[in-house]
Amino acid sequence: MYLSLLIFILYSMKIFFIILCIVLLWIYLVYFLEKRYMGFGTILFIFLSMVTLYFGSNKDFYRLILFQLYLCCLGLQDYKTYYISKIWGVFSLILTVCFFDSIHLSGILFSFIASLMYFCKQDWIGSADVGILFVLGLILGFERMFICVFIAIFIGLLFYVCSNKKLIPFITCLCFGAYISILKGFTIWYMFYGILAL
């Protein structure tokens, strides 16, 4: 009986935290974007929360939901405006502090390559892309960041082919890649590594 009560309390806390994050998402969408994105943003967040409940680890659940909230807001902002304001630097710092015990310096390599691209050809990549790659690289590490960038490039190419737009919301593509990578990045990495090792 005590075990079932404990399980009920733990799941109630998780559901309460998800609802709290949905309210934060609504506040962000109302004040920084448009109200018309509330329905889509809510459905997307609830779907991703269910995926996180199923595939994510229990000990990192709350950090994964915060990361998911960050990615949803950031991805919707980039898709809508193609502009990331400097306030995202504060949000990124808060997120990095939440993941401080699992920072990976090897993931910064992708930010370094993006910086070189930015200084050589500013039409290809923006300064916000470099900053977001830096933050995601710190959180994900080399292996998962490689998978993240691979998925982002694939989604970006699909977006370019399927839409009539010349610009690609690359940070939105990175958000999709980062979400998949934080849940199953190592699995995909070792699957690719196993195929290449044959």
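These remarks concern the structure in this document. (Residues numbered from 1 in each chain as written. Predicted model: local features only at pLDDT ≥ 70, side-chain atom pairs only at ≥ 80, totals over all residues. Heavy atoms only, no water.)

With that out of the way, let us pick up the overall build of the chain. Regarding its fold elements, the chain presents 7 helices and 0 strands. Moving toward the C terminus, one meets the helices and strands of the chain in the order α-α-α-α-α-α-α. The C-alpha atoms of the chain give 18 Å as radius of gyration, which agrees with the globular expectation for 198 residues (16 Å, within 12%). In terms of overall dimensions, the chain has a C-alpha envelope of 65 × 50 × 30 Å along the principal axes. Across the 198 residues in the chain, those meeting the buried criterion constitute 41%. (Helix = DSSP H or I, 4+ residues; strand = E, 2+ residues; numbered from the N terminus. Rg over C-alpha atoms; globule rule 2.2 N^0.38 Å. Buried < 20%, exposed > 50% of the residue type's maximum accessible area, 1.4 Å probe, protein only.)

Its 12 residues place the ends of helix H4 (residues 87-98) 17 Å apart at the C-alpha level, agreeing with the 16 Å of an ideal helix rising 1.5 Å per residue. Buried within H4 we find Trp88, Ser92, Leu95 and Thr96. Projection of H4 onto a plane perpendicular to its axis shows the buried side chains occupying an angular sector of 100 degrees, all on one side. Looking at H4, the residues exposed on the side facing more than 90 degrees away from the buried face are Leu93 and Val97. (Expected span 1.5 Å × (residues − 1). Arc of directions from axis to C-beta.)

What follows deals with the nonpolar core. Grouped together as the largest cluster of nonpolar side chains are 50 residues, with contacts concentrated most on Phe45, Phe67 and Leu136. If you list the elements that add at least two residues to this core, you get helix H1 (2-32), helix H2 (38-55), helix H3 (61-81), H4, helix H5 (108-120), helix H6 (127-162) and helix H7 (170-197). Contacts of Leu136, omitting those with residues within four sequence positions, involve Phe67, Leu71, Gly141, Met145, Leu174 and Ala178. (Core = buried A, V, L, I, M, F, W, Y, C linked by side-chain atoms within 4.5 Å. Contact = heavy atoms within 4.5 Å.)

Moving on to the environment of Ser12. Counting through the fold element by element, Ser12 comes out in helix H1. We classify Ser12 as partly exposed; its relative accessible area is 31%.

The next thing to look at is H3. Its 21 residues give H3 an end-to-end C-alpha distance of 30 Å, which sits within 8% of 30 Å, the value for a rise of 1.5 Å per residue. Most of H3 sits inside the fold, with 16 of its 21 residues counted as buried. Directly after H3, the chain includes Tyr82, whose backbone phi takes a positive value near 55 degrees.

For the rest of this paragraph, the subject is unusual backbone geometry. Within the chain, Tyr82 stands out as a residue other than glycine whose phi angle is a positive 55 degrees. As for its placement among the helices and strands, Tyr82 is situated in the loop between H3 and H4. Its relative accessible area of 30% is what places Tyr82 among the partly exposed residues.

Our focus in this paragraph is the side chain of Ser163. With respect to the secondary-structure elements, Ser163 resides in the loop between H6 and H7. Among the polar contacts listed, one links the side chain of Ser163 to the backbone oxygen of Phe159, at a separation of 2.7 Å. Reaching out from Ser163, the side chain makes a polar contact with the backbone nitrogen of Lys165 at a distance of 3.5 Å. (Polar contact = N/O pair within 3.5 Å; in protein donor to acceptor, adjacent residues only side chain to side chain.)

Right, let's get into the packing of aromatic side chains. Using the criterion set out here, one finds 11 aromatic pairs in the structure. With a centroid separation of 5.7 Å and an interplanar angle of 75 degrees, the aromatic rings of Tyr28 and Trp88 are classed as edge-to-face. Highlighted residues: Tyr28 in helix H1 and Trp88 in helix H4, separated in sequence by 60 residues. Both residues of the pair, Tyr28 and Trp88, count as buried. Aromatic side chains Phe150 and Phe192 sit 6.0 Å apart centroid to centroid with 75 degrees between the ring planes, which places their arrangement in the edge-to-face category. Here Phe150 is found in helix H6, whereas its partner Phe192 is found in helix H7, with 42 residues between them in sequence. Taking NZ or CZ as reference, Lys165 lies 5.4 Å from the ring centre of Tyr79, over its face. (Phe/Tyr/Trp six-rings, centres within 6.5 Å; stacked < 30°, edge-to-face > 60°. Lys NZ or Arg CZ within 6 Å of the ring centre and 35° of its normal.)

Fair warning: the whole summary comes from geometry, so function is off the table for now.
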